[in-house]
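# Reading the structure
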Amino acid sequence: MSESKVVKDLMVGIFEYPHIPYWFTINQAIRIVKVSFINTKKFPEPLAILVFDEKYNLMGTLTLKDILIGLEPKFLKSTPKAQVPEENESGLSIIWDSLFTKEIKQLAEKQVRDIMVPAKYFVEPNDPITKAAYMMLHHDLILLPVLEGKKKFVGLIRMIEIFDAISNELMKE
Amino acid sequence: MIELINREDHQKLYLQVYEIIKKKIESGEWPIGTQIPTEEKLCRLFDVSRATIRNAIMELVRQGYLKRQQGKGTFISKRVISDGLIMLTSFNELWFKDESIFKLEVLVRTVMMPVDGIHLQLGIPEDKHIIYIKRLFLAEKMPSILIESFIPYHICPLLLEEDLNDSSLFQLFEKKFGIRITKITNEIFIGSLKAEQAIPLSLQVGSEALIVSQKCFSGDSVVLLNRIYKKNDNHVLYFEYERKAL
């Protein structure tokens, strides 16, 4: 791989993604998903929302999966001890109507900070992309924030760009 | 001679054209009753688009400097004595006789997506980022006024890097970023407070407060939307008007 390739060569701008503060509710986040992605038919990979604090520091990310897990009623949540045979899961279809109950409406009023995935790992703009690739693969990250001087949030690394850069090197003659 | 447009200036082009033409009228260089050059000539003169010229002319008509005559053209108009009132209270977000008694705390300064119809108030699409600022004014150490400000991100992205404790948003807009506030509208009403407003003001959720919804325009664009929540305390809002010639 080319030694000169660094994070800033691959990162995308932070305004590619919607921003919300941590005190927004799941309901508000759903509205933002609809407005920013579904209604506009813009589907960036990954589909995510960035969650910030009062001082515009990145706190975490929120995906569609995180939102749906946040809305999951208690009776659907699995426990570590429960060993449900796969065939039993077909019965889940009959509870579709019961999903839209008072409980789910209450869950939708939860703040997004309760369901987001906290941003724990960062890279610097001049870090090698191998470092970014390692962090994304080994910490199972969908997005990796890029901080300048460990403070200013300047960009995001996505798996697609990492994949592209690595595969380009691999396929070079 | 035509003053040149400064393309480095953050101020919108049409506002610069507006200012230049206004100066010409006020100085008498373009006398009352004379016809102004055609849009096409003005475009060439200022090296700007027709839309920019149209916006500048519209603003000059609105301010009474120009008058359109159907089928004839646009003429320099004699500005008349206004029947209306001129607000003498400082052109600012807040109106107090003495602002020095207030201490400011910036509670929030972040970027978010517009919710609850804020995009309609700002006149922007719902998927555009906005800057959100929440400030609390304390008088004698007691919370008195809370201001939530919403600014389209593209209007002033560098605002996030400014020290909001020392300057008002108006000062920053006009002096630092060259965005001239040309009009302010205020809607004043009594409303009940949600948790996010009541808690900083040390009030119960649902308490009533005086609310001012303030839109600040630069030309036709809303550049700042303020929601001002005034607690029922000893401090009063102060307005002063005077009837005088424009």
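In short, a report on the structure. Position numbers for residues start from 1 in each chain and track the written sequence from start to end. For naming, the first written chain is A and the first written ligand is 1, with later ones following in the order written. Only residues with pLDDT of at least 70 get local features here, since the model is predicted, and only at 80 or more are side-chain atom pairs given and counted; chain-wide, interface and lining totals rely on the full set of residues.

### With respect to the overall build of chain A
- The helix and strand tally for chain A stands at seven helices and six strands.
- Strands here are runs of E lasting at least two residues and helices are runs of H or I lasting at least four, both read from the DSSP assignment and numbered beginning at the N terminus. For chain A, the sequential pattern of α-helices and β-strands runs α-β-α-β-β-α-α-α-β-α-β-β-α.
- For every residue pair, C-beta atoms are placed from the backbone, and the pair is scored as a contact if these atoms sit within 7 Å. Across chain A, contacts joining residues at least 24 apart in sequence account for 71% of those joining residues at least 6 apart.

### Side note on the sheet that holds strand 6 (residues 142–152) of chain B
Residues and elements named next belong to chain B.
- Between any two strands, pairing holds if DSSP finds at least two bridges. Spatial ordering of the open sheet is given by 4-5-6-9-8-7, a layout of six strands whose pairing is antiparallel. Strands at the two margins of the open sheet, each flanked by one partner only, are strand 4 (102–112) and strand 7 (183–192). Between one strand axis and the next, the sheet turns through 15° on average, direction left out of account.
- In the sheet, strand 5 (residues 130–139) pairs with strand 6 via 10 bridges, with the strands oriented antiparallel. Within strand 6, the position partnered with Phe137 by the bridge is Ile145. Angles shown run from 0 to 180 degrees and are taken between the N-to-C directions of axes, each axis being a line fitted to C-alpha atoms and, for helices, limited to the stretch in contact.

### Comments concerning the nonpolar core
- Take the buried Ala, Val, Leu, Ile, Met, Phe, Trp, Tyr and Cys residues, join any whose C-beta atoms are within 7 Å, and the set you get is a nonpolar core. To assign burial, the other C-beta atoms lying within 10 Å of each residue's own C-beta are counted, with C-beta atoms placed from the backbone; 20 or more indicates buried, 12 or fewer indicates exposed, and intermediate counts indicate partly exposed. Core analysis: the biggest nonpolar cluster contains 52 residues, and Ile20, Ile49, Val112, Ala132 and Ile157 of chain A together with Ile151 of chain B have the highest contact counts within it.
- Counting residues per element, this core draws most heavily on strand 2 (residues 48–52) of chain A, at five residues.
- Each residue touching Ile157 of chain A, except ones within four places of it in the same chain, is listed here: Val7, Leu10, Met11, Val123, Ala132, Leu144, Val146 and Ile162 of chain A.
- With 17 residues, the next largest nonpolar core counts Leu15, Tyr18, Ala56 and Leu60 of chain B among its residues.

### Overview of the sheet that holds strand 3 (residues 58–63) of chain A
All names here are of chain A.
- Across the sheet, four strands lie side by side as 1-2-3-4; this open sheet has mixed pairing. Of all the strands in the sheet, just strand 1 (19–21) and strand 4 (117–118) have a single pairing partner and so form its edges.
- Pairing of strand 2 with strand 3 involves five bridges; the strand directions are antiparallel. Pairing of Leu50 across the sheet is with Thr61, part of strand 3.

### Examining the packing of helix 6 (residues 129–138) of chain A against helix 7 (residues 159–170) of chain A
Residues and elements named next belong to chain A.
- For the pair helix 6 and helix 7, interaxial distance at closest approach is 10 Å and the crossing angle is 125°. The orientation of helix 6 relative to helix 7 falls into the category oblique. In this structure, helix 6 crosses over helix 7, and the sense of that crossing is left-handed. Counted together, Ile129, Ala132, Ala133 and Met136 of helix 6 and Met159, Ile162, Ala165 and Ile166 of helix 7 form the full contact between these two elements. For classification purposes, angles smaller than 35 degrees are called roughly parallel, those larger than 145 roughly antiparallel, those between 65 and 115 roughly perpendicular, and all remaining angles oblique. What makes a crossing left-handed is the near helix being turned counterclockwise from the far one by less than a right angle; a clockwise turn instead makes it right-handed.

### A few points about the interface of chain B and chain A
- The interface is formed by 12 residues belonging to chain B together with 15 residues belonging to chain A.
- Under the convention adopted here, Pro, Cys and the residues Ala, Val, Leu, Ile, Met, Phe, Trp and Tyr are nonpolar, Asp, Glu, Lys and Arg are charged, and Gly plus all remaining residues are polar. Classifying every residue of the side of chain B that touches chain A by side-chain character gives seven nonpolar, two polar and three charged.

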